[in-house]
Structure formats: structure tokens, C-alpha cells
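# Secondary and tertiary structure notes
These are the residues of each chain, in order.
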Amino acid sequence: MRITALAGGVGGARFLRGLLHHLERTGDTDAELTIIGNTGDDITLFGLRVCPDLDTLLYTLGGAVHEGQGWGRADESHHVAEELVALGAQPTWFSLGDKDFATHIYRSQLLGQGMPLSAVTTHLAARWGLPDRRVTLLPMTDTPVETHVVVEQGGGPEAIHFQQWWVRHQAALPAERFVVAGLDRATPAPGVLDALRTADVVLLPPSNPVVSIGIILTVPGVRDALRGARAPVVGVSPLVGGRPVRGHADVCLETIGVASTSEAVAGLYADFLDGWLVDETDPMAGRTRPVVLARPLLMSSVGTAADIAGAALGLGRRLAAKGTPA
Ligand code: GDP
Ligand code: CA
């Protein structure tokens with residue numbers, strides 16, 4: 001069974017860790033998982049290329065993530081960052097730990113030697129044992145792209161890097177729109193379109209629908225591949241009780257003029273979504289198009305995330321058995 005998933009950072013990684021746990025506890029050792037990760041969050045800091053969503057996926061699936069934060073390494077120290085502050089280096093608002101720095105140094109070294117990001121990511125994934133678990137992590141594209149946010153800063157509209165808006169300003173700076181710099185030159189990374197076309201089930205974890213999943217969908221060819229996929233596409237709502245569980249997805253949705261409801265989020269995927277998991281308290285529970293399954297959607301532990309992922313996969317399998325709706 002081939003499973004392909006699109007993913008951002010924390011929400012995507014926790015869901016996919018749950019999925020692997022589900023596959024292991026049900027003895028489904030034949031399943032292969034291909035993850036298409038968002039690279040719109042990528043940023044160059046201190047001359048190093050940082051890919052926050054890919055790293056969150058690697059650390060979480062590799063069992064090395066800082067559980068409380070949901071990103072970065074557990075048992076981390078911050079000597080390099082402290083020394084950078086002492087040197088007066090900028091910026092100081094993006095936290096990078098010492099072990100995490102090693103990832104960015106190695107990635108930047110390989111990129112500097114001309115290796116594409118997808119091949120670099122394969123090297124990093126080996127460090128975390130992903131191939132042994134039949135997991136492939138692909139960046140959505142090898143082309144450097146960056147999500148920028150157009151904000152009103154007094155002197156007129158200005159585009160700032162997504163991380164500056166999200167991390168430094170905590171999404172509190174009124175945003176007009178999101179733009180993906182470099183997208184006009186971007187092509188899907190090798191394997192991305194094939195993974196969508198040949199999948200038995202495609203899963204959309206509860207990642208941010210605008211700045212994680214939404215950005216992956218803007219890579220030329222990805223949305224068409226989802227529309228044309230023979231596999232059912234099953235998504236999980238990131239909203240519980242009408243609010244994002246963490247982060248500022250509601251602010252992102254408002255920026256693009258979409259309501260913070262599971263129904264409106266499903267509407268963003270309407271042209272390819274076959275199944276949709278919503279929280280048991282969601283007003284969409286009981287709806288039949290797309291096929292809606294209501295479940296407790298709070299991933300409070302690996303076990304609960306495994307239950308959610310198992311339910312999403314089960315729905316995908318049932319839809320596949322019936323024949324994917326055209
Ligand atoms: P980021 O790149 O680190 O922001 O992570 P993602 O884009 O992958 O995921 C962020 C989204 O995950 C947010 O919009 C959250 O609402 C959602 N999320 C986080 N934890 C949970 C959870 O326990 N349940 C559900 N349903 N969604 C969650
Ligand atoms: Ca992200």
C-alpha cells in the first residue's frame with residue numbers, strides 16, 4: 001500500500017508520527033509512506049539554509065523532537081546562538097539550537113556543492129532511520145522558494161519573510177496577502193508528481209491550510225496531480241472547536257478571506273477532496289459530501305494521533321474499495 005501525504009511542520013509531523021505508529025501496531029509493515037514537505041517556510045540565516053518544516057518532520061519521525069515545543073531538538077543547548085548574540089549578529093528572533101545548527105551546516109555544505117535539496121533531504125532522512133521504516137521525505141520543490149507576507153507598515157505595503165511575520169511578530173502584524181517568491185521558476189521535486197499519481201491513498205494531515213498545504217498546492221502541477229489522482233484524497237481538519245489547535249491558521253484564513261470553519265477549509269480542497277475528518281463537536285459532522293467522518297481530533301499523545309491517522313487511512317481504504325469518486 002502506497003500512502004502519500006502533504007505536510008507542513010508540527011501538525012503534519014505529529015499526524016504522520018501517529019500514522020507510522022498506527023501502521024506498526026496493526027502490523028502493516030508493507031505500507032510505504034511518501035511525504036511531500038512544505039519548503040515555503042525556508043529561510044537563509046547566518047548564511048545557512050534552514051528548512052523548518054522538513055526539519056520538524058525529520059526530528060519528529062526520528063524520535064528526537066522537543067516534545068513541548070513541537071519543533072527543534074530535545075536535550076538541546078544554545079552555545080552558538082549565545083555567541084552570535086555576543087557578536088551582535090542578526091537576527092536574534094529565530095531560535096536555533098546547537099544540534100539543530102549541525103543540520104543546517106551540513107545541508108548548506110551539500111547545497112553549496114551543487115546537490116539539490118531533495119538529495120540533501122535523503123541524506124538527512126537516513127540519519128533519522130526513515131528508509132528503514134519505508135518513509136521517503138521529499139521537499140515540494142528543489143527550487144528555492146519563500147513565502148512572503150505583504151504587510152502594511154505605515155510607509156505602504158511591504159513584503160516580509162513569512163518567518164519574520166510568524167515568529168517575530170506572532171502573526172499580529174495585519175497581513176494583506178501571501179506571495180511565494182520564486183514560484184514562477186519552481187517545478188515539483190523529483191518523485192513528487194509520481195507519488196501523487198501512484199498512491200493508493202493521499203492524506204492531508206491537519207497542517208495549516210494556507211501557509212503549509214496551501215503553499216504546496218501552488219507548486220505547478222501538484223494541484224492537477226491531486227485532481228487526477230486515482231487514489232482517494234482524505235484530509236484532517238486543523239480546527240477543533242472552531243479554532244486552530246496551535247498557531248495562527250485563523251489569521252492566515254482571514255487574510256485570504258476564508259472563514260475559520262472546517263467547512264470553509266474543506267472548500268479550499270473541494271476540487272480533489274474525497275474524505276474529510278472533523279472533530280466530533282464540529283457542525284459539519286454528519287455531512288456526506290465530501291464524505292465526513294467525525295472523531296476526536298486532538299492529538300494529545302502519539303496514541304491519539306495514531307487513532308486519528310488510522311481513521312483517516314481507514315476512510316481512504318473504504319473510499320478506494322468503492323471506487324474513487326471522479
Ligand atoms: P507548522 O508548519 O509547524 O505550523 O505546522 P503545520 O502547518 O503542519 O500544522 C499546523 C496546524 O496543525 C495548525 O493549524 C493546528 O491547528 C494544527 N494542529 C496542531 N495540533 C493539532 C491537533 O492536535 N489536532 C488537530 N486537528 N490539528 C492540530
Ligand atoms: Ca511551517
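Residues numbered from 1 in each chain as written. Chains lettered and ligands numbered in written order. Predicted model: local features only at pLDDT ≥ 70, side-chain atom pairs only at ≥ 80, totals over all residues. Heavy atoms only, no water.

Before going further, it helps to examine the overall build of the protein. In terms of helices and strands, the protein carries 12 helices and 14 strands. The C-alpha atoms of the protein give a radius of gyration of 19 Å, which matches the 20 Å a tight globule of 326 residues would have. With the C-alpha coordinates of the protein rotated into their principal frame, the extents come out at 60 × 45 × 35 Å. In the protein, which comprises 326 residues, the share counted as buried stands at 53%. (Helix = DSSP H or I, 4+ residues; strand = E, 2+ residues; numbered from the N terminus. Rg over C-alpha atoms; globule rule 2.2 N^0.38 Å. Buried < 20%, exposed > 50% of the residue type's maximum accessible area, 1.4 Å probe, protein only.)

As a general feature of sheets, a regular strand has side chains that alternate between the two faces. For strand β6 (residues 146-152) and strand β7 (residues 157-161), the ladder comprises five bridges, and the chain directions are antiparallel. The residue of β7 that forms the bridge with H148 is H161. Count of turn residues in the β6/β7 antiparallel hairpin: four residues, of which G154 carries a positive phi of about 95°. (Pairing = 2+ DSSP bridges.)

Okay, the sheet that holds β7 next. On the basis of which strands lie adjacent, the open sheet formed by three strands has the order β7-β6-β8 and antiparallel pairing. Among the strands making up the open sheet, the edge pair consists of β7 and β8 (175-181). Taking each pair of neighbouring strands and ignoring which way they run, the sheet shows an average axis angle of 30°. Summarising the sheet, β6 and β8 pair through six bridges and their orientation is antiparallel. Paired with V151 across the bridge in β8 is A175. (Axes fitted to C-alpha atoms, helices over the stretch in contact; angles between N-to-C directions.)

This next bit is on the packing of helix α1 (residues 10-25) against helix α12 (residues 302-322). For any two helices packed against each other, the geometry comes down to the angle between their axes and how far apart the axes lie. Interhelical geometry of α1 versus α12 gives an angle of 80° and a closest axis separation of 7 Å. Judged by the angle between their axes, α1 and α12 are roughly perpendicular. Here R14, F15, R17, G18, L19, H21, H22, L23 and R25 of α1 lie close against α12, whose contacting residues are V302, G303, A305, A306, D307, I308, A309, G310, A312 and L313. (Parallel < 35°, antiparallel > 145°, perpendicular 65-115°, else oblique. Contact = heavy atoms within 4.5 Å.)

As a structural note, the neighbourhood of ligand 1 is formed by 20 residues, with P206, S207, S212, L297 and M299 the closest of them. Within the backbone of G12, a nitrogen or oxygen atom sits 2.9 Å from an oxygen atom of ligand 1. Separating an oxygen atom of ligand 1 from a backbone N or O atom of P206 is a distance of 2.8 Å. The fraction of the free accessible surface of ligand 1 (590 Å²) that becomes covered by protein chains is 92%. Here the shell around ligand 1 takes three residues from α1, the largest share from any one element. Considered class by class, the residues forming the shell around ligand 1 number 10 nonpolar, eight polar and two charged. (Near = heavy atom within 4 Å. Polar contact = N/O pair within 3.5 Å; in protein donor to acceptor, adjacent residues only side chain to side chain. Areas by Shrake-Rupley, 256 points an atom, 1.4 Å probe, with all protein chains shown as cover. Nonpolar A, V, L, I, M, F, W, Y, C, P; charged D, E, K, R; others polar.)

Once that is clear, we can look at the coordination of the calcium ion (ligand 2). Each angle at a metal carrying four tetrahedral donors should ideally be 109.5 degrees, and each at a metal carrying six octahedral donors should ideally be 90 or 180 degrees. Of the protein atoms, only D41 (OD), D53 (OD) and D53 (OD) coordinate the calcium ion (ligand 2), at distances of 2.0 to 2.6 Å. Here D53 lies in helix α2 (residues 52-61) and D41 lies in the loop between β2 (32-37) and β3 (43-45), a separation of 12 residues in the sequence. (Donors = N, O, S within 2.8 Å, 3.2 Å for Na, K, Ca; no water.)

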